[in-house]
Amino acid sequence: MQNANSTNGDRRHLLLWLSTLLVAAALWIAAYSQLTPFADAAIGLAGLQHGSHLGEAVHFFFYDTPKVLLLLTAIVFAMGIVQTFFSPERTRALLSGKRVGVGNVLAASLGIVTPFCSCSAVPLFIGFLSAGVPLGVTFSFLVSAPMVNEVALALLFGMFGWKVAALYLGLGLAVAIVSGLVIGKLHMERYLEDWVQRILSSSATTSESEKLSWVQRLECGLDHVKEIVGKVWPYILVGIAIGAGIHGYVPQDFMASIMGRDAPWWSLPVAILIGVPMYTNAAGVIPIVEALIGKGAALGTVLAFMMSVIALSLPEMVILRKVLKPRLIAVFAGIVAVGIMIVGYVFNLIL
């Protein structure tokens, strides 16, 4: 009788969740369809006009802020559910013992759906290595997770369409896979910090997570939204504010001369170098990317800038210094930077 009551309770919770999701989806669609009227109303209430510098900047801000937050909330909720099937223990088990090449492809692919940020770099890095994951395979994950994640793909799809998002996905994975392969071929395990190498000599334990019900998975999705959106929304506002300033005040000819298609060849490497000291994530930098492209900057150059911000940020290098010796950090940064430059030139050539 107790088991029957528990089953009925689970069904009621699931039905409640599904009905709530239907209502939320309807509200999401209604809100997304009213983005332009909302931005128009905002500049109207402020007494501003379309075409003025301040009016265009304010319109950009009030259009992009709800758009980015709506896209981010939906995709993070979905990926939070997906990630319940990819616990860190299961990810390590999938990657350990794989052949070179196969492991790199698998690691880069898992980077798309596995949570990763600078603060989790050290424990993930150590956990993968101690579980028997080869160094090069681990680096494929390290490159892919921040650069080709669900947030970046969702926002690129929403702002630039599926072709740009798909090309970014393919080239980003290629950079991650090739970077890991090259680092693996160089056999640079001796450039891990000594305390990490001592950990590698100990055996790793792998625990299987209990099987979750769909109600629990949906709750994980909601928790994922609270955690991720709760952390990144300030970056989103700052990024959109910067993008709004660029959109409203920076002359188009100025941006085109620095980052446009006819700009000198060295403009793309310079864009990558400019991005390295910055500290933000895809949600914060993509609105800036959109504004730069609107001012005539070349898509490949701007995307290379974005990739350097989220894959080669100076704060991330400082954190990774805890586990990597300087030579390995330099090799990692150099290989990824070359890959990003190639991606940027390919984008500029094709699009």
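Cut-offs applied
- Residues numbered from 1 in each chain as written.
- Predicted model: local features only at pLDDT ≥ 70, side-chain atom pairs only at ≥ 80, totals over all residues.
- Heavy atoms only, no water.
- 1 Å grid on protein atoms, 1.4 Å probe; cavity = no way out; pocket = protein on both sides within 12 Å on 5 of 7 lines; lining within 4 Å.
- Points joined across faces, edges and corners; volume = space filled by probe spheres on them.
- Nonpolar A, V, L, I, M, F, W, Y, C, P; charged D, E, K, R; others polar.
- Core = buried A, V, L, I, M, F, W, Y, C linked by side-chain atoms within 4.5 Å.
- Buried < 20%, exposed > 50% of the residue type's maximum accessible area, 1.4 Å probe, protein only.
- Helix = DSSP H or I, 4+ residues; strand = E, 2+ residues; numbered from the N terminus.
- Contact = heavy atoms within 4.5 Å.
- Phe/Tyr/Trp six-rings, centres within 6.5 Å; stacked < 30°, edge-to-face > 60°.
- Lys, Arg positive; Asp, Glu negative; His and termini not counted.
- Salt bridge = Lys/Arg side-chain N within 4 Å of Asp/Glu carboxyl O.
- Axes fitted to C-alpha atoms, helices over the stretch in contact; angles between N-to-C directions.
- Parallel < 35°, antiparallel > 145°, perpendicular 65-115°, else oblique.
- Left-handed = near helix turned anticlockwise from the far one by under 90°.

**Regarding the layout of surface pockets**
Then step 1. Within this model, the second largest pocket holds a volume of roughly 350 Å³.
Then step 2. Lining the second largest pocket we find 16 residues, and of these Leu-21, Ala-24, Thr-73, Ala-74 and Phe-77 sit closest to its centre.
Then step 3. Grouping the amino acids of the lining of the second largest pocket by side-chain chemistry returns 14 nonpolar, two polar and no charged.

**As for the nonpolar core**
Then step 1. Residues Met-147, Tyr-168, Leu-303, Met-306, Leu-328 and Phe-332 are the most contacted members of the largest nonpolar core, which totals 83 residues.
Then step 2. In terms of residues, this core owes the most to one element, helix 15 (residues 299-311), which gives 10 residues.
Then step 3. For Leu-303, the residues in contact, after removing those within four places along its chain, are Leu-156, Val-164, Tyr-168, Val-289 and Phe-347.
Then step 4. Ranked by size, the runner-up nonpolar core spans six residues in total, among them Ala-107, Val-133, Val-137 and Ala-145.

**Details of the environment of Gly-103**
Then step 1. Tracing the backbone shows Gly-103 in helix 5 (residues 102-113).
Then step 2. A sequence separation of 38 residues divides Gly-103 from Phe-141, and the C-alpha atoms of the two residues are 9.7 Å apart.

**Some words on the packing of aromatic side chains**
Then step 1. Following the criterion strictly, the structure yields five aromatic pairs and no others.
Then step 2. Aromatic pair Phe-61 and Phe-62: ring centres 5.4 Å apart, planes at 85°, arrangement edge-to-face.
Then step 3. On the basis of relative accessible area, Phe-61 is assigned to the partly exposed category, the value being 23%.
Then step 4. Here a set of aromatic residues connected by ring pairs shows up, and it is made of Phe-38, Phe-61 and Phe-62.

**Here's the deal with the side chain of Lys-67**
Then step 1. Among the structural elements, Lys-67 can be located in helix 3 (residues 53-82).
Then step 2. It turns out Lys-67 is buried and unbridged, and the closest side chain with the opposite charge, Glu-290, is 4.6 Å from it.

**So, unusual backbone geometry**
Then step 1. The phi dihedral of His-187 is positive, around 50°, even though this residue is not glycine.
Then step 2. Tracing the backbone shows His-187 in the loop between helix 9 (162-186) and helix 10 (194-200).
Then step 3. When its relative accessible area of 52% is taken as the criterion, His-187 is described as exposed.

**Quick word on the packing of helix 7 (residues 135-147) against helix 9**
Then step 1. In contact at an axis separation of 7 Å, helix 7 and helix 9 are set at 155° when each is read in the N-to-C sense. Comparing the axis directions of helix 7 and helix 9 gives the class roughly antiparallel. For the pair helix 7 and helix 9, the sense of crossing is right-handed. Residues Leu-135, Gly-136, Phe-139, Ser-140, Val-143, Ser-144 and Met-147 of helix 7 form the contact with helix 9, whose participating residues are Tyr-168, Gly-172, Leu-173, Val-175, Ala-176, Ile-177, Ser-179, Gly-180, Ile-183 and Gly-184.
Then step 2. Here the contact of helix 7 with helix 9 is composed, by residue class, of 10 nonpolar, seven polar and no charged.

**Observations concerning the packing of helix 5 against helix 9**
Then step 1. Their axes nearest at 9 Å, the elements helix 5 and helix 9 cross at an angle of 135°. Relative to helix 9, helix 5 is oriented oblique. Helix-helix and strand crossings are classified by hand; for helix 5 and helix 9 the assignment is right-handed. Contact residues: Asn-104, Val-105, Ala-108, Ser-109 and Ile-112 in helix 5; Leu-169, Leu-173, Ala-176, Ile-177, Gly-180 and Leu-181 in helix 9.
Then step 2. Looking at the contact of helix 5 with helix 9, its residues break down into eight nonpolar, three polar and no charged.

**Concerning the pattern of salt bridges**
Then step 1. This model, assessed by the stated rule, comprises two salt bridges.
Then step 2. One salt bridge connects Glu-193 with Arg-321, and the closest N-O pair in it is separated by 2.4 Å. On the criterion of sequence distance, the pair formed by Glu-193 in the loop between helix 9 and helix 10 and Arg-321 in the loop between helix 16 (314-320) and helix 17 (326-350) is long-range, its members being 128 residues apart.
Then step 3. Judged by relative accessible area, Arg-321 falls into the partly exposed class, the value being 37%.
Then step 4. Across the pair Asp-194 and Lys-325 runs a salt bridge whose closest N-O atoms are separated by 3.5 Å. With Asp-194 in helix 10 and Lys-325 in the loop between helix 16 and helix 17, this residue pair connects regions lying 131 residues apart in the sequence.
Then step 5. A relative accessible area of 43% means that Asp-194 is categorised as partly exposed.

Shape descriptors only; they carry no functional weight alone.
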